[in-house]
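# Per-entry structural report
Listed below, chain by chain, are the residues.
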Amino acid sequence: MNESATESEQDPTFRQLMDYTAETMQRLHVPGVAIGILYEGKEYVGGLGVTNVDHPLPVDADTLFQIGSTTKTMTATAAMRLVEQGKLALDTPIREYLPDLRLADEDVTARATLRHIFTHTGGWVGDYFDDVGMGDDALAKIVAKMEKTPQLTPLGEIWSYCNSGFYLAGRVIEVVTGKVYEEAVRELVLEPLGLKHSFFFANEVITHRFAVGHEVRDEKPVVARPWALPRSANAAGGVSSTVKDQLRYARFHLGDGTAPDGTHLLTRESMRLMQSPLAQAGNLADEVGVTWMRKKVGGAQIIRHGGATNGQLSAFSMIPERAFAITILTNADRGGELNDEVVKWAHQHYLGLSDPEPVPLDLPKETLAPYLGRYSAAMDDIELSLVDGALVMKVTEQNPFSEKDATPPPPIPPIRLAFWNEDRVIALDAPLKNDQGEFLRTPDGSIAWLRFGGRIHKREGQSA
């Protein structure tokens, strides 16, 4: 480990975890990883590898990584504090806070609430990104442009991961507090929890040791550009943090709403609501609460999130009944695979928790034929075809980062899919191995959507 001699190094299970991670990093060509474990009241932290293959510094437990969409849980935590202060309500139409709001569907505009936002059930295009500048009006500007984001499904009916909804949540926080989003979240969440190494802006990050993202091309990591997200995306995924700060954050969400100094930031009821099942989800989770994803493993309830930015992928997972948490920060686009493998290892070796892997079914081509075709979403298109009798997925990605110097994403090779249950598939090949998807049908039984990567992809030629 890059960390100096600590209690972490002396713990045999954590040493084994770091050894396993180092082997996985090498296999997946991930340059740097930081890991934190909270178990039985003790914290174990460490770093492996380097921050940047072009200008390497050792990764340690104080290295800043972009945590991406785990930021959404901080946005929601801030909102819940405002709910308790009587400034917000989860089921009040957002238009009451933003009278000038215009979405593509007028009925949805009139009825959409923060509950829809935080459970990803708004139904409009979720992967809408735009750089509208670094001014304090960034959220106001991008919310004004959301009128052009198409409504895909009826409000509240289908779960599909939605980044753009958090522009609305962030803007609502600004309006009711009278402060810019970043300042409001600092005051409501970061400062009370002692997250002194969690930042929104590059000019804050740059004075510390920090990781840059990488893309693995021809089995070699290459620096990904741009580094920073647009300011308009801060409420959806803008925080950079360390594993130490992430464990402080985990302690709070494993607790009763009390800050480290004894201040009660949230009631037990609010904490419980955030982690309760409020909507059915799909392939990323079983259910979703107030931003937190819920999934059972080995009978234990896991509460989790994670994030992906340009070449940086993070994992954040808690098991409240076992007072356990793990956070993993990586700096390569193969980091998602590493996160999955390392979290499973930790669950098994610390807690004895595991689930049997889905068993692929051997189906004849006649059974597979109805699923073939093209499925489209904002960030990628998926083409399903038969190759030597196997169902094969070809993904064509679009880079959501619009800056001129953005490097195009490396192509994803064809991926074999296998059914393991009715209308449910699992990927058999890297870099998407073990990712799952499901086909969603209309009332008449025809296939309308493929939900993969948490996003619904509309079947071409389908009017649903």
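First things first, this report covers the structure right here in the doc. A quick note: this is a predicted structure, and the numbers were derived from the prediction, not measured.

### Comments concerning the sheet that holds strand β7 (residues 279–280)
On the basis of which strands lie adjacent, the open sheet formed by eight strands has the order β2-β1-β12-β11-β10-β9-β8-β7 and antiparallel pairing. Two strands close off the open sheet at either side, each with one partner strand: β2 (42–49) and β7. With seven bridges connecting them, strand β1 (residues 32–39) and strand β12 (residues 324–330) associate as antiparallel partners. From the neighbouring strand, V33 faces β12, where its bridge partner is T330. Against the sheet, helix α13 (residues 335–351) contacts β1, β10 (300–308), β11 (313–319) and β12, and its axis sits at roughly 155 degrees relative to β12.

### Topic: the packing of aromatic side chains
Overall, the coordinates contain 15 aromatic pairs when judged by the stated rule. Residues F324 and Y350 carry aromatic rings whose centres are separated by 5.7 Å and whose planes lie at 50 degrees to one another, so their mutual orientation is tilted. On the criterion of sequence distance, the pair formed by F324 in strand β12 and Y350 in helix α13 is long-range, its members being 26 residues apart. F324 gets classed as buried once you look at its relative accessible area, which sits at 0%. Three or more aromatic residues joined by ring pairs make a cluster, and in this case those are Y371, Y375, F419 and F439. The ring of F166 has K72 sitting right over it, with the charged end atom 5.4 Å from the ring centre.

### A closer look at the nonpolar core
Core analysis: the biggest nonpolar cluster contains 72 residues, and F118 and W124 have the highest contact counts within it. In terms of nonpolar packing, the next biggest core, distinct from the first, is built from 30 residues, I37, Y39, Y44 and A332 among them.

### So, empty space enclosed by the protein
Scanning the model with the defined rule gives one cavity of 30 Å³ or more in all. Space inside the largest cavity adds up to approximately 40 Å³. The wall of the largest cavity is formed by H120, G123, W124, L152, T153, I158, S160 and I456. Here the residues of the lining of the largest cavity are counted per class, giving four nonpolar, four polar and no charged.

### Comments concerning the sheet that holds strand β13 (residues 373–376)
What the eight strands build is a closed barrel, ordered β13-β14-β15-β16-β17-β18-β19-β20; its pairing is antiparallel. Going from strand to strand, the sheet's axes swing by 35 degrees on average, the running direction of each strand aside. Bridging between strand β18 (residues 436–441) and strand β19 (residues 447–452) involves five bridges; their strand directions are antiparallel. Opposite L440, over in β19, you have W449 as the bridge partner.

### Let's talk about helix α2 (residues 12–28)
For α2, with 17 residues, the first-to-last C-alpha span of 24 Å sits near the 24 Å given by 1.5 Å per residue. Burial in α2 covers these residues: F14, L17, M18, T21, T24, M25 and L28. End-on, the buried residues of α2 take up no more than an arc of 125 degrees, which puts them together on one face. Residues of α2 that are exposed and angled more than 90 degrees away from the buried face: E23 and Q26. H29, located one to two residues past α2, shows a positive phi value of around 65 degrees.

### Here's the deal with the pattern of salt bridges
On inspection of all chains with the given rule, the structure shows 29 salt bridges. Residues R95 and E106 are paired through a salt bridge, measuring 2.7 Å at the closest nitrogen-oxygen approach. With a gap of eleven residues between them, R95 in the loop between α3 (71–84) and α4 (106–111) and E106 in helix α4 connect regions that are remote in the sequence. Exposure remark for E106: the relative accessible area of 44% places this residue in the partly exposed category. In this structure, E438 and R424 form a salt bridge, with 3.6 Å as the shortest nitrogen-oxygen distance. Here R424 lies in strand β17 (residues 424–427) and E438 lies in strand β18, a separation of 14 residues in the sequence.

### Details of the pairing of strand β4 (residues 214–217)
Pairing analysis gives four bridges linking β4 to strand β5 (residues 220–223), with the strands arranged antiparallel. Along β5, the bridge assignment pairs R217 with K220. Linkage of β4 to β5, two consecutive antiparallel strands, is achieved through a turn of two residues, within which D218 is found at a positive phi near 50 degrees.

### Things to note about the layout of surface pockets
The space that makes up the second largest pocket amounts to roughly 230 Å³. Lining the second largest pocket are 19 residues, and of these F200, A202, W227, A228 and L229 lie nearest its centre. Elements with a minimum of two residues in the lining of the second largest pocket: α9 (202–205) and α10 (234–237). Classifying every residue of the lining of the second largest pocket gives ten nonpolar, six polar and three charged.

Analysis parameters
Residues numbered from 1 in each chain as written. Predicted model: local features only at pLDDT ≥ 70, side-chain atom pairs only at ≥ 80, totals over all residues. Heavy atoms only, no water. Pairing = 2+ DSSP bridges. Helix = DSSP H or I, 4+ residues; strand = E, 2+ residues; numbered from the N terminus. Contact = heavy atoms within 4.5 Å. Axes fitted to C-alpha atoms, helices over the stretch in contact; angles between N-to-C directions. Phe/Tyr/Trp six-rings, centres within 6.5 Å; stacked < 30°, edge-to-face > 60°. Buried < 20%, exposed > 50% of the residue type's maximum accessible area, 1.4 Å probe, protein only. Lys NZ or Arg CZ within 6 Å of the ring centre and 35° of its normal. Core = buried A, V, L, I, M, F, W, Y, C linked by side-chain atoms within 4.5 Å. 1 Å grid on protein atoms, 1.4 Å probe; cavity = no way out; pocket = protein on both sides within 12 Å on 5 of 7 lines; lining within 4 Å. Points joined across faces, edges and corners; volume = space filled by probe spheres on them. Nonpolar A, V, L, I, M, F, W, Y, C, P; charged D, E, K, R; others polar. Expected span 1.5 Å × (residues − 1). Arc of directions from axis to C-beta. Salt bridge = Lys/Arg side-chain N within 4 Å of Asp/Glu carboxyl O.

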